[in-house]
Amino acid sequence: MKRITLLLVLLASSLLLSAQEGLSIAGLFGNSTAFDHPEDVTETHLSGKKLKVYRLTLFRSLKVENATAADIDKMERAVKADAARAVDKQLLRRGNSIHYAFCKLPDRQGLHRYLIFRNKARGNGRGNELHLIYMEGTASPEDLESIFK
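Residues numbered from 1 in each chain as written. Predicted model: local features only at pLDDT ≥ 70, side-chain atom pairs only at ≥ 80, totals over all residues. Heavy atoms only, no water.

Moving on: the overall build of the protein chain. Along its length, the protein chain carries four helices and six strands. In the protein chain, the order of α-helices and β-strands from amino to carboxyl end is α-β-α-β-α-β-β-β-β-α. Across the 149 residues that make up the protein chain, the buried fraction comes to 37%. The contacts in the protein chain between residues at least 6 apart in sequence include a share of 50% that link residues at least 24 apart. Of the roughly 8,900 Å² of accessible surface on the protein chain, 55% is carried by carbon and sulfur atoms. (Helix = DSSP H or I, 4+ residues; strand = E, 2+ residues; numbered from the N terminus. Buried < 20%, exposed > 50% of the residue type's maximum accessible area, 1.4 Å probe, protein only. Contact = heavy atoms within 4.5 Å. Areas by Shrake-Rupley, 256 points an atom, 1.4 Å probe, with all protein chains shown as cover.)

For the rest of this paragraph, the subject is the sheet that holds strand β2 (residues 56-67). Overall, antiparallel pairing links the six strands, which are arranged β1-β2-β6-β5-β4-β3 in an open sheet. Every other strand in the sheet has two partners, leaving β1 (41-47) and β3 (88-94) as the edge strands with one partner each. Pairwise comparison of adjacent strand axes, ignoring direction, gives a mean angle of 10° for this sheet. Of the pairings in the sheet, the one linking β3 to strand β4 (residues 97-108) comprises seven bridges and is antiparallel in character. (Pairing = 2+ DSSP bridges. Axes fitted to C-alpha atoms, helices over the stretch in contact; angles between N-to-C directions.)

With that out of the way, let us pick up the confidence of the model for the protein chain. The predicted model of the protein chain averages 85 in pLDDT, with 84% of residues at 70 or higher. Within the protein chain, the lowest mean pLDDT, 44, falls on helix α1 (residues 2-19), and the highest, 96, falls on strand β5 (residues 111-120). Within the model, the stretch residues 1-18 combines pLDDT values under 50 with four contacts to residues more than four positions away or in other chains. (pLDDT = per-residue confidence, 0-100.)

Core analysis: the largest hydrophobic core is formed by 26 residues, its most contacted members being Ile-25, Met-75, Val-79, Phe-117 and Leu-132. When residues of this core are traced back to their parent elements, those giving at least two are β2, α3 (69-83), β4, β5 and β6 (128-137). The element contributing the most residues to this core is α3, with five residues. Those residues in contact with Leu-132, other than ones at most four positions away along the chain, are Ile-25, Leu-28, Phe-29, Arg-60, Ser-61, Leu-62, Met-75, Val-79, Leu-115, Ile-116 and Phe-117. (Core = buried A, V, L, I, M, F, W, Y, C linked by side-chain atoms within 4.5 Å.)

Encoded structure:
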């Protein structure tokens, strides 16, 4: 029984990794030690029936509180690389930094893929708050806009 459970866990992990295969952001998910303060990293992963109502099959979110300059640079480099291959994108910049990005990535296996990034300055000597979201499904950009309102 333990072998079957281990096999299922490995299979599920490989499917999650293949979802973001070929994307620069893939290395950020499931790797809180890639950031300066791993204790300030929160990752959310949703799949299955709960997402069906939103016409999504996968939702992954990464939140980094008190992000350092190195954290911001690492995440922005990954977002910029993936945004360069996007079929549609909205970028809001402040200086050379990306403040907000919404990218529709090339479809994969009949599913739409989306990337959302936000860099929120918090002030008072606290580091920025970074949010990175990756989604897959049949939802249109308009569907996602209504979900996030």
